[in-house]
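Notes for the structure review
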Amino acid sequence: MIARALTGIAAVGIVTLLAISWLLSSSPEPVREGLFLVVPWGWARLLAVLLLLAASLGLGAYLYGRATRPGKASQYAFSMATHVFLWTVLLLTFYPVVYLLAVSFNRQNSLAGALPSQGPLLVRSGVLPDPAEFSLVQYQKVLSQTHILSYQWLLLALVVAALMGFLVVNLRRRRAGGLGLEKWSSRLGWSAFLLLAALVVSISPEQFYGVNAAGQRVPASSERTILLYIRNTLLVSGSTGLFAVAICATAGYAFARLRFEGRYRTLLVFVFVQMFPAFMALVAIYYMMSYLDLINTFTGLILAYSGGAIAFASWIFKGYLESISPSLEEAALVDGATRWGAFVRIILPMSVPMLLFIFLLQFIGTYSEFILANTLLVGQENWTVGIGLRNFTVGRFDTQWGALSASAVLGSLPILVLFYAFQDALTGQYTAGGVKG
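Residues numbered from 1 in each chain as written. Predicted model: local features only at pLDDT ≥ 70, side-chain atom pairs only at ≥ 80, totals over all residues. Heavy atoms only, no water.

All right, on to the packing of helix H10 (residues 263–274) against helix H12 (residues 298–322) then. If you want to describe how two helices pack, look at the angle between their axes and the distance between the axes. One way to put it is that H10 packs onto H12 with a least axis distance of 9 Å and a crossing angle of 125°. Judged on the interaxial angle alone, H12 and H10 are oblique. Crossing geometry of H10 relative to H12 is assigned as left-handed. For the pair formed by H10 and H12, the contact residues are Arg263, Leu267, Phe270, Val271 and Gln274 on the first element and Gly308, Ala311, Phe312, Ser314, Trp315, Lys318 and Glu322 on the second. Split by residue class, the contact of H10 with H12 holds 6 nonpolar, 3 polar and 3 charged. (Axes fitted to C-alpha atoms, helices over the stretch in contact; angles between N-to-C directions. Helix = DSSP H or I, 4+ residues; strand = E, 2+ residues; numbered from the N terminus. Parallel < 35°, antiparallel > 145°, perpendicular 65-115°, else oblique. Left-handed = near helix turned anticlockwise from the far one by under 90°. Contact = heavy atoms within 4.5 Å. Nonpolar A, V, L, I, M, F, W, Y, C, P; charged D, E, K, R; others polar.)

Structure, rendered in structure tokens:
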């Protein structure tokens, strides 16, 4: 029975591959319309390929299920067809990232020039990068006027070493079951974070300059200071995240554990404040920062960001604390601890995953923010990543797509590093064993 099922599956697969090959090879010559490569009835052919592939996999799963578990054969077929649909959606979701990488590693600085006129259909349409045009010239362009000092190279090497060690330890944890390696993973993650913070703080605007024909230093052009914009964004976003964690930890604890006059009304005010988008207060924020002489300063931008983050972060932390039994704090109070001691020694260690989530939430929210930063920051040396990337699109026909893509890739690296470094804390593993023994 199983042999006949496998033979049927092989026959179905061969017929399906032949049909898909015929559909793809018999398509008419595509026509270039601007930046798009249009295939006549291409959408119908693609839909036919997907349906044929789903039907083939479903029929194969049905035949195999009939040979092994007849009662679940239909479930197998439906599951395989669903997998085809989900993988298609996943590939379409990641396509912008693939296209961004393809443009950043292309010699051309325009989308039209990056698309070849000859070669496979997927390469000509821009779905896949052109291997013949692969180059690092866009990254060299945006980094050409950046001068890293010797001790900063050392810090960067230590960051890379900590990240590599973190990667090796996590791979060994997955193979060995995680025995005895949790502390090393945490230490390496925090070491990479602290070293990266030290590297960011050490970078100054004076390190970004060019040299003219007379050998004199001149300020770097705005499209070649992407590392300065990343440094500014990390300072602002990191400070905002830390400030939000410090405020919401105490405010959320007070709302969750203490009963005081005006508690309910204050919570209602927090909800009321969250009903309005931040840009509605743009004029008031600008007037306040101008009155305090904080225009074009990181302090003013951090305070503006933190004001909108405190209410939402406090609500999140309050809900998290309400899910933790108060008996842990009561046991600490019985043992002689103060309310503050119970908060520091019991609540904060158990709340590391939630506090890291709040930090990353505020970090990402302010990292990609543009409107408020563009309003308060008027000097190029204080621009954030969002404002710096906008500078590449100075005109409709003057957009530097290659440099823009390379800068966007470099700007996304800090978020990827932070997420990967603190993935264990975000999954809640630090809450394990949170009981009084």
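Quick look at the nonpolar core now. Grouped together as the largest cluster of nonpolar side chains are 54 residues, with contacts concentrated most on Leu301, Phe317, Leu321 and Ile358. For this core, the secondary structure elements donating two or more residues are helix H6 (137–143), helix H9 (226–257), H12, helix H14 (339–350), helix H15 (352–367), helix H16 (371–376), helix H17 (385–390) and helix H18 (401–421). Take this core: its biggest share by element is 10 residues, from H9. If near-sequence neighbours (up to four positions away) are discounted, Leu321 is found in contact with Gly252, Tyr253, Ala256, Arg257, Ile347 and Ser351. Counting residues in each nonpolar core, the second largest holds 5 residues, with Ala251, Phe255, Phe270 and Ala311 among its members. (Core = buried A, V, L, I, M, F, W, Y, C linked by side-chain atoms within 4.5 Å. Buried < 20%, exposed > 50% of the residue type's maximum accessible area, 1.4 Å probe, protein only.)

Moving on, we come to the packing of aromatic side chains. Scanning the model with the defined rule gives 8 aromatic pairs in all. An angle of 85° between the planes, with centres 6.2 Å apart, marks the rings of Phe193 and Phe359 as edge-to-face. Residue Phe193 is located in helix H8 (residues 182–202), and its partner Phe359 is located in helix H15; the two are separated by 166 residues in the primary sequence. These aromatic residues form a ring-pair network of at least three members: Phe193, Phe359, Phe363 and Tyr367. It is Arg217 that lies over the ring of Tyr209; its NZ or CZ is 4.1 Å from the centre. (Phe/Tyr/Trp six-rings, centres within 6.5 Å; stacked < 30°, edge-to-face > 60°. Lys NZ or Arg CZ within 6 Å of the ring centre and 35° of its normal.)

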